[in-house]
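What follows is the residue order along each chain.
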There are 2 protein chains.
Amino acid sequence: MARKRSKAGAIRLTEVAKLAGVSPITASRFFRNPEALSVSKRERVESAAKELGYVPNLAARALASQRTEVIGVLIPSLTNNVFNDVLRGIYDASEGSRYSIQFVNTRYSILQEEKLLRLFQAQKPSGLIVTGINQTEASIDIMKAMNCPIVQIMEIGPEPVDMMVGFSHYDAAFAAVSHLISQGRRRIGIIGARMDPRVQRRLEGYRDAMKQAGLADPALILTTPTPTGMTLGGTLLADLLAQVPDLDAVFCINDDLALGALFECQRRQIPVPEKLAIVGFNDMEFMASAFPSLSSVRTNRYEMGRDAVTMLIDAIEGRRPEKPVVDLGFELMVRGSSARPRA
Amino acid sequence: MARKRSKAGAIRLTEVAKLAGVSPITASRFFRNPEALSVSKRERVESAAKELGYVPNLAARALASQRTEVIGVLIPSLTNNVFNDVLRGIYDASEGSRYSIQFVNTRYSILQEEKLLRLFQAQKPSGLIVTGINQTEASIDIMKAMNCPIVQIMEIGPEPVDMMVGFSHYDAAFAAVSHLISQGRRRIGIIGARMDPRVQRRLEGYRDAMKQAGLADPALILTTPTPTGMTLGGTLLADLLAQVPDLDAVFCINDDLALGALFECQRRQIPVPEKLAIVGFNDMEFMASAFPSLSSVRTNRYEMGRDAVTMLIDAIEGRRPEKPVVDLGFELMVRGSSARPRA
DNA sequence: GCCGCTCGTGGTAGCGCTGTCAATCGGTGC
DNA sequence: GCACCGATTGACAGCGCTACCACGAGCGGC
């Protein structure tokens with residue numbers, strides 16, 4: 001009874017090594033660090049592996065080496081298009097590297113996040129990307145105990161668990177509202193949905209900009225915890241208009257709401273930007289192509305994902321960045337929907 | 001030298017077993033099938049595990065058991081919102097089950113898909129979800145060799161590798177175009193982008209519907225391999241109008257193009273639906289909230305993901321479905337943008 | 001009272017790979 | 001010519017868990 005539980009067709013490293021006429025460990029090295037082998041052995045292992053159709057057993061590798069070449073990504077939502085771009089950046093940056101991405105969905109719940117973090121802990125990833133800076137105490141403990149580089153993305157704050165790539169949602173919202181004020185708008189409302197921590201900070205930016213301009217009025221603020229969407233944008237604007245008939249601008253905490261608001265204006269024949277200015281947040285592709293084109297705050301989502309992975313891989317491989325916190329900034333995209341109304 | 005390479009704080013099953021006063025294998029069973037233990041042992045293992053903060057080592061489990069509790073998902077795009085809903089269905093259905101989802105991005109390349117399939121092979125997933133029915137020969141060989149249930153999603157065809165959940169893109173497009181014809185439209189164009197296999201089949205549906213009505217004209221067809229987007233929808237419509245000035249309807253092979261086309265009409269002051277009818281494909285949320293509201297073909301994307309996972313888990317656990325191919329159908333959502341023009 | 005059954009439990013022996021360290025080899029400096 | 005050095009290579013011993021099989025206890029049927 002040579003091998004008790006062996007699977008029929010499974011080709012192992014030993015088989016490859018035997019065919020190549022080298023020791024298993026040499027064959028192993030070929031797959032991890034080919035340069036360490038002499039050219040002749042390298043070629044022999046390579047052709048042997050190809051001939052046998054060898055596929056390495058990742059579980060065995062992970063067990064023996066006490067680590068995996070996985071980068072874990074925790075994001076709050078799949079439905080939110082914002083994360084599409086981030087994920088694209090993550091995938092692009094990881095492509096060609098030895099690391100593969102495993103991403104999980106926290107559904108905007110920090111408890112779910114904690115649970116998933118624990119799950120990752122069992123997997124010993126090489127690195128981790130987590131969204132935002134509002135984790136539970138327990139989550140932070142787990143992250144610190146995990147002994148792998150970690151990048152927090154989407155926003156920046158004073159106390160990174162390890163590294164950070166993001167921007168200030170507060171500043172971005174402040175800039176958007178300041179722009180509306182500078183265009184002569186006075187009754188500037190804000191509509192918001194889902195109100196996650198980053199959205200809250202945008203709301204704060206709005207509040208402070210309005211306060212500083214002496215324009216603050218609680219009636220101008222309309223938010224709901226329900227998930228966002230274009231339809232909701234229309235509904236919220238309708239409600240806000242009922243509350244504030246002399247509204248002359250609306251800052252939408254995301255672009256979906258802004259587009260919904262635009263359609264609502266079209267439905268009500270409210271001219272944009274003449275009677276009502278609209279500014280969104282994120283600058284999704286459709287903002288520029290809408291009619292009128294919609295102003296928004298461009299956030300560097302693709303770059304955020306890309307840079308997070310780059311920093312992570314660098315850190316995993318021992319090249320720690322000199323600056324652990326990277327501010328990617330934002331850019332106010334002024335378009336037709338927020339032009340100065342005719343005098 | 002008891003343990004040569006042991007990590008300092010790593011708590012293993014053996015430790016838990018010792019504290020609980022049972023054998024390691026009994027502790028192991030507790031985590032996999034608690035019902036098999038007597039109540040007293042179960043409680044003792046449970047409290048011991050909690051006390052030590054035991055986290056199972058997934059790699060070791062996978063190595064010993066020759067399988068992982070992972071469902072692999074291959075999808076072609078992250079940027080395409082269509083897959084958001086599918087993924088949401090997948091996540092929802094997997095939640096609460098023992099399986100975790102690992103998804104990878106083929107970027108609409110069947111070669112990339114083949115490569116990723118090979119990667120999954122090394123991981124021995126419990127099940128696999130792949131997009132579409134156009135795999136390479138090699139991919140199909142790999143899938144057949146993988147010895148796990150597989151569900152192909154997004155469309156259905158005559159030869160499932162294993163199981164399928166989807167609908168007929170041909171029929172759906174045919175229905176959409178027939179609707180426009182029934183509304184009295186004659187010069188019905190089609191604009192398309194990225195032209196993946198499923199989009200190609202929609203184009204076929206359009207072609208046949210037009211041919212059967214005696215309305216076919218190659219000038220009415222405008223497609224491009226470039227990625228889709230709202231901006232592109234405007235551009236394509238502009239180009240099509242230049243080519244076919246008497247265009248009275250346009251079938252857009254996805255909703256992004258449809259929305260871009262609507263904005264282009266607004267920009268050019270072409271009344272929709274009076275002068276031009278618009279129908280999209282997929283029925284994203286924004287279609288109903290646009291002004292005018294946009295007609296589309298509703299596809300059951302969420303259900304597709306959900307059902308795929310359900311079928312997969314059932315099959316993994318030995319409950320093979322009676323019907324391996326599930327047609328989720330579609331529904332034509334007729335809205336303002338394709339209403340009959342006034343006589 | 002004995003048989004055979006099921007249920008719960010434990011011992012043994014790996015799963016396929018890599019970390020560690022020692023051995024080997026060809027070339028180098030003096 | 002010899003000690004020495006870096007570059008390659010290999011032997012050994014696990015990594016933490018579970019499959020397999022064995023075993024004993026409890027129990028109903030005859």
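Model, not experiment: these values are computed from the prediction.

Some remarks on the domain arrangement of chain A
Residue and element names in this part refer to chain A. Segmentation of chain A into domains returns domain 1 (13–56), domain 2 (70–168 + 301–329) and domain 3 (169–298 + 332–338). Once you take the C-alpha centre of each, domain 2 and domain 3 turn out to be 29 Å apart. Around 1,100 Å² of area is buried between domain 2 and domain 3 when both sides are counted, 49% of it from carbon and sulfur atoms. Of all residues in domain 2, Tyr108, Ser168 and Arg301 bury the most surface against domain 3, accounting for 41% of the area lost on that side. At the junction of domain 2 and domain 3, the tally comes to 2 salt bridges. Notably, a salt bridge pairs Arg198 with Glu155, separated by 3.5 Å at the nearest N-O pair. Linking domain 2 to domain 3 there are 9 residue pairs in polar contact (both at pLDDT 80 or more). At the level of secondary structure, the elements contributing two or more residues to the side of domain 2 that touches domain 3 comprise helix H5 (81–94) and strand E4 (150–155).

Topic: the relation of the copies chain B and chain A
You can overlay chain B on chain A at an RMSD of 0.1 Å; the transform is a turn of 180 degrees with a shift of 0.0 Å along its axis. Interpreted geometrically, this transformation is the action of a two-fold axis. Within chain B, Ala59 of chain B has its C-alpha nearest the rotation axis, a separation of 2.4 Å.

Some details on the pattern of salt bridges
All names here are of chain B. Under the counting rule described, the total for this entry stands at 45 salt bridges over all chains. Between Glu204 and Arg207 there is a salt bridge, and its shortest N-O distance comes to 3.0 Å. In this pair, Glu204 and Arg207 both sit in helix H9 (residues 197–212), 3 residues apart, roughly one turn of the helix.

Quick look at the sheet that holds strand E9 (residues 277–279) of chain A
Residues and elements named next belong to chain A. Strand order across the open sheet formed by 4 strands is E7-E6-E8-E9, with parallel pairing between neighbours. The open sheet terminates on both sides in strands that have one partner only, identified here as strand E7 (221–224) and E9. The average undirected angle you get between the axes of adjacent strands in this sheet is 15 degrees. Direction of pairing for strand E6 (residues 188–193) relative to strand E8 (residues 249–252): parallel, over a ladder of 4 bridges. Looking at E8, one finds that Ile191 is bridged to Cys252. Helix H8 (residues 169–182) contacts E6, E8 and E9 of the sheet and is inclined by roughly 170 degrees relative to E8. Set on the sheet, helix H9 (residues 197–212) makes contact with E6, E7 and E8; between it and E6 the angle comes to about 170 degrees.

Examining the protein's contact with DNA strand D
Around DNA strand D, the structure places 29 residues, and the nearest of them are Thr26 and Ser38 of chain A together with Leu13, Ser28 and Tyr54 of chain B. Among all atoms of DNA strand D positioned within 4 Å of the protein, those belonging to sugar or phosphate total 73%. Ala64 of chain A places a polar main-chain atom, nitrogen or oxygen, 3.3 Å from a base oxygen of DNA strand D. Separating a phosphate oxygen of DNA strand D from a side-chain N or O atom of Arg61 of chain B is a distance of 3.0 Å. Put simply, the parts of the chain that give the surface near DNA strand D at least two residues each are helix H2 (24–32) and helix H4 (58–65) of chain A together with helix H2 (24–32) and helix H4 (58–65) of chain B. No other element matches H4 of chain B, which puts 4 residues into the surface near DNA strand D. For the surface near DNA strand D, the per-class residue count stands at 12 nonpolar, 7 polar and 10 charged.

Quick word on the nonpolar core
Among the nonpolar cores identified, the biggest contains 159 residues, and Phe251, Leu259 and Ile278 of chain A together with Phe251, Leu259 and Ile278 of chain B are the most heavily contacted of them. Every residue in contact with Leu259 of chain A, bar those within four places of it in the chain, is listed here: Met230, Phe286, Ala290 and Leu294 of chain A together with Leu259 and Phe263 of chain B.

Details of the packing of helix H10 (residues 230–243) of chain B against helix H11 (residues 255–268) of chain B
Residue and element names in this part refer to chain B. Where H10 contacts H11, the axes come no closer than 6 Å and their chain directions differ by 60 degrees. By the angle between their axes, H10 is oblique relative to H11. Handedness of the crossing formed by H10 with H11: right-handed. Where H10 approaches H11, its residues Met230, Leu232, Gly233, Gly234, Leu236, Leu237, Ala238 and Leu241 are matched on the opposing element by Asp256, Leu257, Leu259, Gly260, Ala261, Glu264, Cys265 and Arg268. Of the residues belonging to the contact of H10 with H11, the class tally is 10 nonpolar, 3 polar and 3 charged.

Calculation notes
Residues numbered from 1 in each chain as written. Chains lettered and ligands numbered in written order. Predicted model: local features only at pLDDT ≥ 70, side-chain atom pairs only at ≥ 80, totals over all residues. Heavy atoms only, no water. Domains from an automatic or database assignment. Buried area = accessible area lost by both parts, 1.4 Å probe. Salt bridge = Lys/Arg side-chain N within 4 Å of Asp/Glu carboxyl O. Polar contact = N/O pair within 3.5 Å; in protein donor to acceptor, adjacent residues only side chain to side chain. Helix = DSSP H or I, 4+ residues; strand = E, 2+ residues; numbered from the N terminus. Least-squares fit on C-alpha atoms with pLDDT ≥ 70 in both. Pairing = 2+ DSSP bridges. Axes fitted to C-alpha atoms, helices over the stretch in contact; angles between N-to-C directions. Contact = heavy atoms within 4.5 Å. Near = heavy atom within 4 Å. Nonpolar A, V, L, I, M, F, W, Y, C, P; charged D, E, K, R; others polar. Core = buried A, V, L, I, M, F, W, Y, C linked by side-chain atoms within 4.5 Å. Buried < 20%, exposed > 50% of the residue type's maximum accessible area, 1.4 Å probe, protein only. Parallel < 35°, antiparallel > 145°, perpendicular 65-115°, else oblique. Left-handed = near helix turned anticlockwise from the far one by under 90°.

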